[in-house]
Amino acid sequence: MAPPMSASSFLAALEHEGLTVVEVGDWRHHNRNHKGAWGPVHGVMIHHTVTSGSARTVELCRNGHPDLPGPLCHGVITKDGRVHLVGYGRANHAGLGDDDVLRAVIAEKALPHDNEANTDGNRHFYGFECENLGDGDDPWPAAQLEAIEKAAAAICRHHGWTERSVIGHLEWQPGKVDPKGFTMAAMRGRIRDRLK
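The structure presented is a predicted model; accordingly, all values stated were derived computationally and were not measured.

Visitor: Which parts of the structure should I look at to understand the pattern of salt bridges?
Guide: Side-chain pairs of opposite charge can arise where the charged atoms are in close proximity. A full pass over the atoms with the stated rule returns 14 salt bridges. Of the charged contacts in the structure, one is a salt bridge between Arg 157 and Glu 17, with a shortest N-O distance of 2.8 Å. Here Arg 157, found in helix α4 (residues 142-159), pairs with Glu 17, found in the loop between α1 (7-16) and β1 (21-23); they are 140 residues apart in sequence, far enough to count as distant. Two residues, Arg 194 and Glu 17, come together in a salt bridge whose shortest N-O distance is 3.6 Å. In this pair, Arg 194 is assigned in helix α5 (residues 184-195) and Glu 17 in the loop between α1 and β1, connecting sequence segments 177 residues apart.

Visitor: Explain the side chain of Gln 144 here, please?
Guide: Tracing the chain through its elements places Gln 144 in helix α4. Of the polar contacts made by the side chain of Gln 144, one reaches the backbone oxygen of Ile 77; its length is 3.0 Å. Apart from residues no more than four positions distant in its own chain, Gln 144 is found in contact with Ile 77, Thr 78, Lys 79, Gly 81, Cys 130 and Glu 131.

Visitor: Help me understand the layout of surface pockets, please; the structure alone is not making it clear to me.
Guide: The computed volume of the largest pocket comes to approximately 310 Å³. Residue assignment for the lining of the largest pocket shows that the elements contributing at least two residues are β2 (43-48) and α2 (54-63). Its residues placed into classes, the lining of the largest pocket shows 7 nonpolar, 10 polar and 3 charged.

Visitor: Can you help me understand the packing of α1 against α4 in this one?
Guide: How two helices pack is summed up by the angle between their axes together with the distance between the axes. Here α1 crosses α4 at 120°, and the two axes come no closer than 8 Å. Here α1 lies oblique to α4, going by the angle between them. Relative to α4, the crossing made by α1 is right-handed. Where α1 approaches α4, its residues Ser 9, Phe 10, Ala 13 and Leu 14 are matched on the opposing element by Ala 151, Ala 154, Ile 155 and His 158.

Visitor: I tried to follow the packing of α4 against α5 on my own but got confused; where do I start?
Guide: Across the interface, α4 lies against α5 with an axial gap of 9 Å and an inter-helix angle of 55°. As far as their axial angle goes, α5 and α4 are oblique. The crossing of α4 and α5 is right-handed. Residues Leu 145, Glu 146, Ile 148, Glu 149, Lys 150, Ala 152, Ala 153, Cys 156 and Arg 157 of α4 pack against Met 187, Arg 190, Ile 191, Arg 194 and Leu 195 of α5. Taken together, the residues of the contact of α4 with α5 break down into 8 nonpolar, no polar and 6 charged.

Visitor: Just checking my understanding: could you explain the pairing of β2 for this structure?
Guide: Remark: a regular strand shows side chains that alternate across the two faces of the sheet. Counting buried positions along β2 yields 6 of 6 residues, so the element is predominantly enclosed. Residue alternation in β2 divides its side chains into two sets, Gly 43, Met 45 and His 47 and Val 44, Ile 46 and His 48, and both sets are buried. Across 6 bridges, β2 lies against strand β9 (residues 125-130) in parallel orientation. Bridged to His 47 within β9 is Glu 129. Alignment of β2 against strand β10 (residues 166-168), held across 3 bridges, turns out to be parallel.

Thresholds, definitions, all that
- Residues numbered from 1 in each chain as written.
- Predicted model: local features only at pLDDT ≥ 70, side-chain atom pairs only at ≥ 80, totals over all residues.
- Heavy atoms only, no water.
- Salt bridge = Lys/Arg side-chain N within 4 Å of Asp/Glu carboxyl O.
- Helix = DSSP H or I, 4+ residues; strand = E, 2+ residues; numbered from the N terminus.
- Polar contact = N/O pair within 3.5 Å; in protein donor to acceptor, adjacent residues only side chain to side chain.
- Contact = heavy atoms within 4.5 Å.
- 1 Å grid on protein atoms, 1.4 Å probe; cavity = no way out; pocket = protein on both sides within 12 Å on 5 of 7 lines; lining within 4 Å.
- Points joined across faces, edges and corners; volume = space filled by probe spheres on them.
- Nonpolar A, V, L, I, M, F, W, Y, C, P; charged D, E, K, R; others polar.
- Axes fitted to C-alpha atoms, helices over the stretch in contact; angles between N-to-C directions.
- Parallel < 35°, antiparallel > 145°, perpendicular 65-115°, else oblique.
- Left-handed = near helix turned anticlockwise from the far one by under 90°.
- Buried < 20%, exposed > 50% of the residue type's maximum accessible area, 1.4 Å probe, protein only.
- Pairing = 2+ DSSP bridges.

Structural data, given as structure tokens:
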């Protein structure tokens, strides 16, 4: 069990990993903590946004929409490889997912197939939304993939986690397909190599 790192430690960890970080508004205090606890944290979840245009994507992830208030993640990773911090604390990104998957993440073991949605993921995961249409055709630039790798590795390094603490939304919640266009197995391999 790990308490979430402080906002300042989060920022420092990302910058220490070599990322270009953009602070958006009062991101340190923008959260959904009034809806429930944030923590203990057990992993990092990667998403795609189904949007195009970096400015529009960042704005949507910060503010959300009528059916799902923001923040929709902690950081938005745009195609240029920058990480835009839009919130810190509980964020509307993971939703309900599989408790068996959470147990595997905590134990850092191979993930079972997600077949139920019975556990609050917003409480237990850091979340990164990645600018992409999610259609399998929209490219993932090298700078963006490297930023995803670095952001996840930064959090794992801080908490002493391995790459097995990093999952995609599609591995957590039945019916989800994100991120689409690269495999989480390949991304975990990159994170593993970075953590060595």
